[in-house]
Amino acid sequence: MNFVTISTLPKKIIFPVLCCLLLFCSFSVIAQSSNYWSRNFNEESSLLSGAVVGGGAGPAAIYYNPAGIGEIDESKLTINASLFSLELFNASNVWGDGKDLNTMRIIVVPRFISYMLQPQQNKKWNLEVAFLSNENFKVEDINNVDDLKDVLENIPGKERYNANYRYDNDFSDYWVGAGGSYKINPNLILGTSMFVTTRTLRYSYMVDIEAGSPVKDLNSDPNFKTAKFTNIEYLKFNNYRLLWKFGLLYKTDNMSYGLNITTPSFNAYADGKRVMRKRSQSNITNPETGEPVTDYLISDFAEVKDMRVNYKNPLSVAAGLSWQNNNDKSLFLTLEYFFGLDPYKMVEGNEKYEIANDNPLLKEAYKEWLTYVWGAKPVINGAIGYRWIAKENLTVMTGFRTDFNYRKNLNYSPYIESKTVKGFTIDRYHLTGGLTAHVLGQDLMAGLQYSFGIEKNQQQFINLTDYVEFDPETGRALQGNPKNNVTSLSNSLSIYFGATFNFGGKE
């Protein structure tokens, strides 16, 4: 049997083989949810921080401005896979004072694949197909609070207070699309693209609290019952959607202007649907009256046909320009405005019981028990990129972009905020830079991206440190009122590599 090794392969196909190996080794990336510009396609447009609506998008033109597909003069296959990404995330006091959420992950960043076709029969037309990861986000935490404190009204002395909590938010957004461009004349290009997107969410939140006699006192009162509070949420779905992009590119001798409109996404189908919510409390005493508070158990579950999902994308308009000086230096600018989304029901489940109507003590929060709401504020982001040719076949690129959070300080009226997926609303900023080299007729790219963000005065998920047995005003049991003292800090560094293989051009 004969074996093929890298050394025996023709030089012209060594690069594709190496890149394919990297591609199939890639997994997932961390990005910040509720931000539109966290994506990173790991090719030339990424080195310019996405400031390419006015031209220079290369293989990512199908996403940024499909009219830019018309800038190619030969067919291209692009395969991009990052080496790794290091993500550091901290949210202080999120579970109570001194109870922080900390994560550090080293992971491999996702891939971008595209094929751009320049038909020889009609060079006014250019076509492209692509697969890309628009966003991939994961944060998880699990811990507990175990304390001795006099928390129960009807039991003298200290009781054991034990709270276990868990948070898991895993979201991905993958796109598959096709597009094309048409040259009206040497200066004007029009383009369009269509994408099928898959938005997948796996979310769970659990808090389980008990307060009772310490272990050594269990036999002192055989009639004693532990005070309890439990809150469990679970949500899972895949939502398939359609959207379109329409672009325009106008070029002069040293300037280029671009416009891109992205339609709202349209709901096509959803599967893998499950939603569950449970909340209960028992053996709680009202400290003001000394009387027991009514026990309750609220629990419901829905899946498949009993559940509806509609996870929307907003309308957006982007404009950009690029300026070129003597063919060796270029400046790129882009702005994109994302329209807002009024708060809406992202998930609805058919409820088995008329929960809120059966118990007069239950408030508005318990109506539509299996509903999750979402929404978005209007956001405008900007990017700047700079490119210069250092020497023949070697180009240096750098860029900066904003990435403002669309859920920060969002008013969910007429709904209440507790019916949303819990998360962190951080404005982020991205610095990028790297090199491209033209080798043996192919384009190789390597670069860095550093992303950072900080947000103060956010609300705690729950307060498990300033706990009381019961607050008659809020109805909270075995916890304190949430404070606005959470500071979220995010830092990440990505190192990536990519290659574009040209067909029909000169080496």
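Everything here concerns the structure above.
Scope of this entry: the structure provided in the associated data block. (Residues numbered from 1 in each chain as written. Predicted model: local features only at pLDDT ≥ 70, side-chain atom pairs only at ≥ 80, totals over all residues. Heavy atoms only, no water.)

**With respect to the nonpolar core**
Soluble, globular proteins show a tendency: their nonpolar side chains are buried together. Ranked by internal contacts, the top residues of the largest apolar core, which has 87 residues, are Trp-95, Leu-235, Met-346 and Phe-424. Sorting elements by how many residues they give to this core places strand 6 (residues 188–212) first, with seven residues. Aside from chain neighbours lying at most four places away, what touches Met-346 is Leu-235, Phe-237, Arg-308, Val-309, Asn-310, Tyr-311, Tyr-372, Val-373, Trp-374 and Val-421. (Core = buried A, V, L, I, M, F, W, Y, C linked by side-chain atoms within 4.5 Å. Buried < 20%, exposed > 50% of the residue type's maximum accessible area, 1.4 Å probe, protein only. Helix = DSSP H or I, 4+ residues; strand = E, 2+ residues; numbered from the N terminus. Contact = heavy atoms within 4.5 Å.)

**Here's the deal with the sheet that holds strand 11 (residues 307–309)**
Here we have three strands laid out as an open sheet, ordered 11-14-15, and antiparallel in their pairing. The strands lining the two open edges of the sheet, one partner per strand, are strand 11 and strand 15 (372–376). The average angle at which neighbouring strand axes cross in this sheet is 25°, direction not considered. As paired elements, strand 14 (residues 341–349) and strand 15 share four bridges and run antiparallel to each other. Residue Tyr-344 lies in a different strand from strand 15, and its bridge partner there is Trp-374. (Pairing = 2+ DSSP bridges. Axes fitted to C-alpha atoms, helices over the stretch in contact; angles between N-to-C directions.)

**Brief notes about the side chain of Asp-443**
Along the chain, Asp-443 falls in strand 19 (residues 442–458). Side-chain polar atoms of Asp-443 contact the side chain of His-438, separated by 2.7 Å. (Polar contact = N/O pair within 3.5 Å; in protein donor to acceptor, adjacent residues only side chain to side chain.)

**Details of the packing of aromatic side chains**
Scanning the model with the defined rule gives 29 aromatic pairs in all. Note on Trp-95 and Phe-461: the rings are 5.5 Å apart at their centroids and 85° apart in plane angle, and the pair reads as edge-to-face. Linking Trp-95 in the loop between strand 1 (75–92) and strand 2 (101–107) with Phe-461 in the loop between strand 19 and strand 20 (463–470), this pair joins segments that are 366 residues apart in sequence. Neither residue differs from the other here; Trp-95 and Phe-461 are each classed as buried. Here the aromatic rings of Tyr-161 and Tyr-467 are separated by 3.6 Å at their centres, their planes lie at 5°, and the arrangement is stacked. (Phe/Tyr/Trp six-rings, centres within 6.5 Å; stacked < 30°, edge-to-face > 60°.)

**Regarding the pairing of strand 20**
Direction of pairing for strand 20 relative to strand 21 (residues 477–480): antiparallel, over a ladder of three bridges. Paired with Val-468 across the bridge in strand 21 is Gln-479.

**Concerning the side chain of Ser-204**
Inspection of the secondary structure assignment puts Ser-204 in strand 6. Overall, Ser-204 belongs to the buried group, its relative accessible area being 11%. Within the structure, Ser-204 has its side chain in polar contact with the side chain of Arg-166 (distance 3.3 Å). Those residues in contact with Ser-204 that sit more than four places away from it in its chain are Arg-166, Tyr-167, Asp-168, Glu-233 and Tyr-234.

**Brief notes about the pattern of salt bridges**
Side-chain pairing between opposite charges can occur once the charged atoms of the two side chains come close. As enumerated under the stated definition, the model contains 16 salt bridges in all. With a shortest N-O distance of 4.0 Å, Arg-199 and Asp-173 are connected by a salt bridge. With a gap of 26 residues between them, Arg-199 in strand 6 and Asp-173 in strand 5 (residues 159–183) connect regions that are remote in the sequence. Residue classification places Asp-173 among the buried residues on the basis of a relative accessible area of 1%. In this structure, Lys-329 and Asp-328 form a salt bridge, with 3.7 Å as the shortest nitrogen-oxygen distance. A relative accessible area of 29% means that Asp-328 is categorised as partly exposed. Taken together, the salt bridges that share partners define one network made up of Lys-138, Arg-166, Asp-168 and Asp-170. (Salt bridge = Lys/Arg side-chain N within 4 Å of Asp/Glu carboxyl O.)

**Notes on unusual backbone geometry**
That bond from Ser-413 to Pro-414 is cis: its omega, 15°, falls within 30 degrees of zero. Along the chain, the position of Pro-414 falls in the loop between strand 17 (394–403) and strand 18 (428–439). Despite not being glycine, Asn-393 shows a phi value in the positive range, around 70°. With respect to the helices and strands, Asn-393 occurs in the loop between strand 16 (379–391) and strand 17.

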